[in-house]
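Coordinates in review
The primary structure of each chain is shown beneath.
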Amino acid sequence: MEAIIAVIGTLLGAALGVAGSYITQRAGHRRESRERLATIRRLTYVEYLTAVHDMFGLITEAHKLHRDGSITAGEMNRQLHQVSARSAQTALKHVRLISSDTVAAASADLWERMRRDRAPLGHGRVDHWREFTQWRGRYWSARQAFIDAARQDLGFPPLDWTSAGVGPAKR
């Protein structure tokens, strides 16, 4: 009888050890999966912001050259039409694949500023600098909204732009 109790005790101990190990490994795997997804999201969001900002830089440069009189409106429009959206469009697709609806909506709004507004496409009016300046403000607002949505998606609160922002973002 004592032998049976010893065997049952051993089997019960082994079963509890296996169950405990399984539960611990499953919890660790879930935590690692969440961490990997957060890392992938963070890298994808930064890739998108970088690609869009590269476009912003090219658009800004073309408008400044035109404002300074270095190029004509036609030359500015040609430069604006040559701004490649490929890397930013690809990055946008990556964001849409892995983000929440809030981040996807904010990325779409930022993309609209780049590909639907008149100023970056070279469809400005005669007073193009004023229109460009207004567009630039909308770009920065959309960029901030995207960053805030991405931060919330990653588990952080939105930024206080009055202290974390630079230049016009502080206003």
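Residues numbered from 1 in each chain as written. Predicted model: local features only at pLDDT ≥ 70, side-chain atom pairs only at ≥ 80, totals over all residues. Heavy atoms only, no water.

Section: the overall build of the protein
- Helices and strands together make up the secondary structure of the protein, namely seven helices and zero strands.
- Listing every helix and strand of the protein by position from the N terminus yields α-α-α-α-α-α-α.
- Taking 2.2 N^0.38 as the reference for a compact globule, 171 residues should give roughly 16 Å; the C-alpha atoms of the protein span a radius of gyration of 26 Å, well beyond that estimate.
- Considered along the principal axes of its C-alpha atoms, the protein spans approximately 100 × 35 × 20 Å. (Helix = DSSP H or I, 4+ residues; strand = E, 2+ residues; numbered from the N terminus. Rg over C-alpha atoms; globule rule 2.2 N^0.38 Å.)

Some words on the packing of helix 1 (residues 2-67) against helix 6 (residues 128-153)
- Axis separation between helix 1 and helix 6 bottoms out at 12 Å; the angle between their running directions is 170°. In terms of their interaxial angle, helix 1 and helix 6 are classed as roughly antiparallel.
- When its residues are assigned to classes, the contact of helix 1 with helix 6 shows 14 nonpolar, five polar and six charged. (Axes fitted to C-alpha atoms, helices over the stretch in contact; angles between N-to-C directions. Parallel < 35°, antiparallel > 145°, perpendicular 65-115°, else oblique. Nonpolar A, V, L, I, M, F, W, Y, C, P; charged D, E, K, R; others polar.)

Here we look at the nonpolar core
- The biggest cluster of nonpolar side chains holds 33 residues, and the ones touching the most others in it are Y48, V52, L110, W111, M114, W135 and F146.
- Among the secondary structure elements, those contributing two or more residues to this core are helix 1, helix 2 (73-81), helix 3 (86-98), helix 4 (101-115) and helix 6.
- A total of nine residues in this core trace back to one element, the largest contributor, which is helix 1. (Core = buried A, V, L, I, M, F, W, Y, C linked by side-chain atoms within 4.5 Å. Buried < 20%, exposed > 50% of the residue type's maximum accessible area, 1.4 Å probe, protein only.)

Description of a nonpolar patch on the surface
- Taken together, the side chains of M1, I4, I5 and I8 define a hydrophobic patch exposed on the protein surface, amounting to about 470 Å² of accessible area.
- Tracing the backbone shows M1 in the segment before helix 1.
- When its relative accessible area of 74% is taken as the criterion, M1 is described as exposed. (Patch = residues over 30% accessible without salt bridge, like charges linked within 9 Å, V, L, I, M, F, W, Y side chains within 5 Å. Areas by Shrake-Rupley, 256 points an atom, 1.4 Å probe, with all protein chains shown as cover. Salt bridge = Lys/Arg side-chain N within 4 Å of Asp/Glu carboxyl O.)

Some points on the pattern of salt bridges
- One pass over the full model with this rule turns up five salt bridges.
- For the salt bridge of D117 with R113, the shortest nitrogen-to-oxygen distance reads 2.7 Å.
- Residue D117 is classed as buried on the basis of its relative accessible area of 10%.
- Using a relative accessible area of 13% as the deciding quantity, one classes R113 as buried.

Re the packing of aromatic side chains
- Applying the stated criterion across every chain yields a total of nine aromatic pairs.
- Summarising the aromatic geometry, the rings of F56 and Y139 are spaced 4.1 Å apart at their centres and angled 10° between planes, so their arrangement reads as stacked. Of the two residues, F56 sits in helix 1 while Y139 sits in helix 6, which places them 83 residues apart along the sequence. Taken as a pair, F56 and Y139 share a single burial class, namely buried.
- With 5.1 Å between their ring centres and 75° between their planes, Y139 and W140 make a pair best called edge-to-face.
- Following the ring pairs from residue to residue traces out a cluster consisting of F56, W129, F132, W135, Y139 and W140. (Phe/Tyr/Trp six-rings, centres within 6.5 Å; stacked < 30°, edge-to-face > 60°.)

Digging into a positive patch on the surface
- A cluster of basic residues, R26, R30, R31 and R34, forms a positive patch on the protein surface.
- In this fold, R31 is placed in helix 1.
- Using a relative accessible area of 43% as the deciding quantity, one classes R31 as partly exposed. (Lys, Arg positive; Asp, Glu negative; His and termini not counted. Charge placed at Lys NZ, Arg CZ, Asp CG, Glu CD.)

Details of the packing of helix 1 against helix 3
- Following both chains from N to C, one finds helix 1 and helix 3 inclined at 150°, their axes separated by 8 Å at the closest point. Taken together, helix 1 and helix 3 sit at an angle that is classed as roughly antiparallel. Judged by the sense of rotation from one axis to the other, the crossing of helix 1 with helix 3 is left-handed. Between helix 1, through I40, R41, T44, Y45, E47, Y48, A51, V52 and M55, and helix 3, the contact on the second element is made entirely by S87, A88, A91, L92, H94, V95 and I98.
- Tallied by class, residues from the contact of helix 1 with helix 3 come to eleven nonpolar, three polar and two charged. (Left-handed = near helix turned anticlockwise from the far one by under 90°. Contact = heavy atoms within 4.5 Å.)

Don't take any of this as a statement about function, it's just geometry.
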